[in-house]
Amino acid sequence: MGYYTNYSMEVIDIDNKGYDAYKIAKYMLEKNDESEKFYTFQYGLRDFIDNIDLHINYDLCLDGDDEAKWYDNEEEMLELSQEFPDVLFKLHGEGEESGDIWDKYFMNGKMQYCPAEIICPPFDRDKLEELEKEESELENI
């Protein structure tokens, strides 16, 4: 059966050195064609490559083609970050279980994992009063 996650990826020029989005997309697509690496982005990568004239001055941002079972995402992204060590790759995931939201950052063969922190603030009576004021103002319009 497996566990499904929706993925998106962004390439960030953290040191303002510039990067070749076409070269990164082409590399990812070639790896996908060789061994199905980065398959969750294959259609977005093909579209990016096919329409490179539209993307010359744009950052490479990809949304996953659909929810996917991509168990090797860390290994594949670490490899990608070693190939392009001067950029930061941000992989975002939203899993099928409630609250399974995270970002993973990859740079130069290293990774930082950042799970979402879901916080519900405590009760604040003043905010209740503010809401009542907003509702009465809307009724007077």
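Engineer: Looking at this structure, I do not really get the nonpolar core. What am I missing?
Structural biologist: One recurring pattern in soluble globular proteins is that nonpolar side chains are buried together. In terms of nonpolar packing, the biggest core is built from 26 residues, with Met-9, Leu-80 and Phe-89 touching the most fellow members. Elements supplying a minimum of two residues to this core: strand 1 (5-12), helix 1 (21-35), helix 2 (42-50), helix 4 (73-83), strand 3 (88-95) and strand 4 (101-107). Not counting residues within four places of it along the chain, the set of residues in contact with Leu-80 comprises Met-9, Ile-24, Tyr-27, Met-28, Phe-38 and Phe-89.

Engineer: Is there a simple way to think about the packing of helix 1 against helix 4 in this case?
Structural biologist: Helices that pack against each other are described as a pair by the angle of their axes relative to one another and the distance between those axes. Put simply, helix 1 and helix 4 touch, their axes get as near as 11 Å, and they point 140° apart. Put simply, helix 1 runs oblique to helix 4. For the element pair helix 1 and helix 4, the recorded crossing hand is right-handed. The residues of helix 4 that touch helix 1, namely those facing Ile-24, Tyr-27, Met-28 and Lys-31, are Glu-79, Leu-80 and Glu-83.

Engineer: In this structure, what is going on with helix 4? I would like to understand it.
Structural biologist: Every α-helix carries 3.6 residues per turn, so stepping three or four residues along brings you back to the same face. Residues of helix 4 that are buried include every one of Asn-73, Glu-76, Met-77, Leu-80 and Ser-81, and no others. Down the axis of helix 4, the sector holding all buried residues measures 135°, keeping them to one side. Exposed residues lying more than 90 degrees from the buried face of helix 4 are Glu-75 and Gln-82.

Engineer: What is the right way to read the pairing of strand 5 (residues 110-115) from this model?
Structural biologist: Residues in a regular strand point their side chains to alternate faces of the sheet. Relative to strand 5, strand 4 runs antiparallel, the two being bridged by six bridges. For Trp-102, the partnering residue across the bridge sits in strand 5 and is Pro-115. Linking two consecutive strands that pair antiparallel, namely strand 4 and strand 5, is a turn of two residues; a positive phi of about 50° is found at Asn-108 within it.

Engineer: It is not clear to me how helix 2 should be interpreted in this structure. Could you clarify?
Structural biologist: Among all positions in helix 2, only Leu-45, Phe-48 and Ile-49 are buried. Seen end-on, helix 2 carries its buried residues on one side only, within an arc spanning 95°. Of the residues in helix 2, the exposed ones pointing more than 90 degrees away from the buried face are Tyr-43 and Asp-50.

Engineer: What is the right way to look at the sheet that holds strand 3 in this model?
Structural biologist: What links the strands of a sheet is backbone hydrogen bonding, and the strands pair in either a parallel or an antiparallel sense. Taken together, the five strands give an open sheet; going across it, the order is 2-1-3-4-5, and neighbouring strands pair in antiparallel fashion. Edge strands, defined here as strands with exactly one partner in the open sheet, are strand 2 (61-63) and strand 5. Neighbour to neighbour, the strand axes of the sheet diverge by 15° on average, direction disregarded. Helix 4 rests against strand 1, strand 3, strand 4 and strand 5 of the sheet, and its axis sits at about 30° to strand 4.

Engineer: Please clarify how the packing of aromatic side chains should be interpreted in this entry.
Structural biologist: Both the distance between ring centres and the angle between the ring planes are used here to describe each pair of aromatic rings. Scanning the model with the defined rule gives five aromatic pairs in all. Taken together, the aromatic side chains of Tyr-7, Phe-38, Phe-41, Trp-70 and Trp-102 make up a single cluster linked through ring pairs. Here Lys-104 stacks its cationic end above the ring of Trp-102, 4.4 Å away from the centre of that ring.

Engineer: Just to check I follow, could you spell out the pairing of strand 3 for this structure?
Structural biologist: In terms of strand pairing, strand 1 meets strand 3 through eight bridges, oriented antiparallel. Note that in strand 3 the partner of Asn-6 across the bridge is Glu-94. Bridge count between strand 3 and strand 4: six bridges; the pairing is antiparallel. The residue bridging Glu-94 from the neighbouring strand is Ile-101, located in strand 4.

Engineer: Sorry, what's going on with the packing of helix 1 against helix 2 here?
Structural biologist: Contact geometry of helix 1 with helix 2 gives a least axis separation of 9 Å together with a crossing angle of 135°. In terms of orientation, helix 1 lies oblique with respect to helix 2. Crossing hand, helix 1 versus helix 2: left-handed. Contacts between helix 1 and helix 2 involve Ala-21, Tyr-22, Ala-25, Lys-26, Met-28, Leu-29, Asn-32 and Asp-33 from the first element and Gln-42, Leu-45, Arg-46, Phe-48 and Ile-49 from the second. Its residues placed into classes, the contact of helix 1 with helix 2 shows eight nonpolar, two polar and three charged.

The rules behind the values
Every chain begins its residue count from 1, and numbering advances along the sequence as written. Reporting of local features is limited, given that this is a predicted model, to residues whose pLDDT is at least 70; pairs of side-chain atoms are given and counted only at 80 or more, and all residues count toward the totals for whole chains, interfaces and linings. Based on all heavy atoms of the structure, the side-chain values leave hydrogens and waters out of the count. Here, nonpolar core means buried Ala, Val, Leu, Ile, Met, Phe, Trp, Tyr and Cys residues that are tied together by side-chain atoms lying within 4.5 Å of each other. Burial classes follow relative accessibility: with a 1.4 Å probe on protein chains only, a residue under 20% of its type's maximum area counts as buried, one over 50% as exposed, and anything between as partly exposed. The helix count covers DSSP runs of H or I at least four residues long, the strand count covers runs of E at least two residues long, and both are numbered beginning at the N terminus. Note on definitions: a residue-residue contact is assigned when non-hydrogen atoms from the two residues lie within 4.5 Å. Axis geometry follows a simple rule: fit a line to the C-alpha atoms, using only the stretch in contact for helices, then measure angles between N-to-C directions, giving values from 0 to 180 degrees. Throughout this description, any angle smaller than 35 degrees is read as roughly parallel, any larger than 145 degrees as roughly antiparallel, any in the 65 to 115 degree range as roughly perpendicular, and the remainder as oblique. Handedness of a crossing follows from how the near helix is turned relative to the far one, being left-handed for an anticlockwise turn of less than a right angle and right-handed for a clockwise one. As used here, the arc is the angular range of directions from the helix axis to the C-beta atoms. Think of it this way: DSSP has to see at least two bridges between two strands before they count as a pair. Working definition: a ring pair exists when centres of Phe, Tyr or Trp rings (six-membered ring for Trp) sit within 6.5 Å. Plane angles under 30 degrees give stacked, over 60 give edge-to-face, the rest tilted. The rule is short: NZ of Lys or CZ of Arg within 6 Å of the ring centre and within 35 degrees of the ring normal puts a charge over the ring. Each residue is assigned to one of three groups, with Ala, Val, Leu, Ile, Met, Phe, Trp, Tyr, Cys and Pro labelled nonpolar, Asp, Glu, Lys and Arg labelled charged, and all others, Gly among them, labelled polar.

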